[in-house]
Amino acid sequence: MAAKQERTFIAIKPDGVQRGLVGDIIKRFEQKGFRLVAMKFPPVIASEDLLKQHYIDLKDRPFYNGLVKYMGSGPVVAMVWEGLNVVKTGRVMLGETNPADSKPGTIRGDFCIEVGRNIIHGSDSVESANKEISLWFKPEELVSYQSCAFSWIYE
Ligand code: UDP
Ligand code: MG
């Protein structure tokens, strides 16, 4: 059971929101069978502090300042999705970091062109998912419920 409750942090970046891709992106996670645990509504313009923390591992990379600026340039849709292997499968659904290397059928492969405007974030490990979820959400913002489709999605 615990494995089926793995969680990942997914955020639609400002370019994804501005380009009207919120519905298409949420639809892919919904139709896959993952469970929506939390979503910030209305979308939030993240503070510089939060974004610097979120991307702290990249602080020495040349694109770090530009990345923080881009991520704070408009509203983002922050979400938590749950399901078996959702971290790894979520990354597969996103595609590669660089949209140019992302296969058609993936979110980045289908909807964007450049690495600095790649429309979506997804946690890269269970450990970073837990860190990111606690950075963006309070515990009481995560909702527990049994999906009525659960036994139709899992054996
Ligand atoms: N990024 C960038 N230039 C690069 C590499 C990354 O602008 O050369 C941005 C891009 O938006 C990416 C984010 O930095 O999504 C975080 O980089 P990471 O390597 O963690 O990629 P991700 O986990 O998002 O695929
Ligand atoms: Mg990353």
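Residues numbered from 1 in each chain as written. Chains lettered and ligands numbered in written order. Predicted model: local features only at pLDDT ≥ 70, side-chain atom pairs only at ≥ 80, totals over all residues. Heavy atoms only, no water.

Attention now moves to the confidence of the model for the protein chain. Should pLDDT be low for a region, the predicted coordinates there are not to be read in detail. Residues of the protein chain with pLDDT of at least 70 account for 100%, and the chain-wide mean is 97. Considering each helix and strand of the protein chain separately, the mean pLDDT is smallest for helix α8 (residues 150–153), with a value of 96, and largest for strand β4 (residues 120–122), with 99. (pLDDT = per-residue confidence, 0-100. Helix = DSSP H or I, 4+ residues; strand = E, 2+ residues; numbered from the N terminus.)

Turning our eyes to something else, we now look at the sheet that holds strand β1 (residues 7–12). Here we have four strands laid out as an open sheet, ordered β2-β3-β1-β4, and antiparallel in their pairing. The outermost strands of the open sheet, each flanked by one partner alone, are β2 (35–39) and β4. Adjacent strand axes in the sheet meet at a mean angle of 25°, parallel and antiparallel pairs treated alike. Strand direction decides the pairing type here: β1 and strand β3 (residues 77–82), joined by six bridges, are antiparallel. The partner of Ile12 across the bridge, within β3, is Val77. Against the sheet, helix α5 (residues 86–94) engages β1, β3 and β4, with an angle of about 30° to β1. Along the sheet, helix α7 (residues 126–136) contacts β1, β3 and β4; its crossing angle with β1, the most-contacted strand, is approximately 60°. (Pairing = 2+ DSSP bridges. Axes fitted to C-alpha atoms, helices over the stretch in contact; angles between N-to-C directions. Contact = heavy atoms within 4.5 Å.)

So, about the site of ligand 1. Surrounding ligand 1, one finds Lys13, Tyr55, Leu58, Phe63, Leu67, Arg91, Thr97, Arg108, Val115, Gly116 and Asn118. Between ligand 1 and Arg108 there is a distance of 3.1 Å, counted from an oxygen atom to a side-chain nitrogen or oxygen. Here an oxygen atom of ligand 1 and a backbone polar atom of Val115 are 3.3 Å apart. If ligand 1 stood free it would expose 500 Å²; the protein chains cover 78% of that surface. Within the shell around ligand 1, the residues separate by chemical class into five nonpolar, three polar and three charged. (Near = heavy atom within 4 Å. Polar contact = N/O pair within 3.5 Å; in protein donor to acceptor, adjacent residues only side chain to side chain. Areas by Shrake-Rupley, 256 points an atom, 1.4 Å probe, with all protein chains shown as cover. Nonpolar A, V, L, I, M, F, W, Y, C, P; charged D, E, K, R; others polar.)

So, about the pattern of salt bridges. Per the stated rule, a full pass over the model turns up five salt bridges. Taking the shortest distance from any N to any O, the salt bridge between Arg28 and Asp110 comes out at 2.8 Å. Taken as a pair, Arg28 in helix α2 (residues 22–32) and Asp110 in helix α6 (residues 107–111) lie far apart in primary sequence, 82 residues in all. A residue is classified by how much of its surface remains accessible, and Asp110, at 36% relative accessible area, is partly exposed. In this structure, Lys52 engages Glu48 in a salt bridge whose closest nitrogen and oxygen atoms are separated by 2.9 Å. With a gap of four residues between them, Lys52 and Glu48 both fall in helix α3 (residues 48–54), about one helical turn apart. Note on Lys52: relative accessible area 31%, which makes it partly exposed. (Salt bridge = Lys/Arg side-chain N within 4 Å of Asp/Glu carboxyl O. Buried < 20%, exposed > 50% of the residue type's maximum accessible area, 1.4 Å probe, protein only.)

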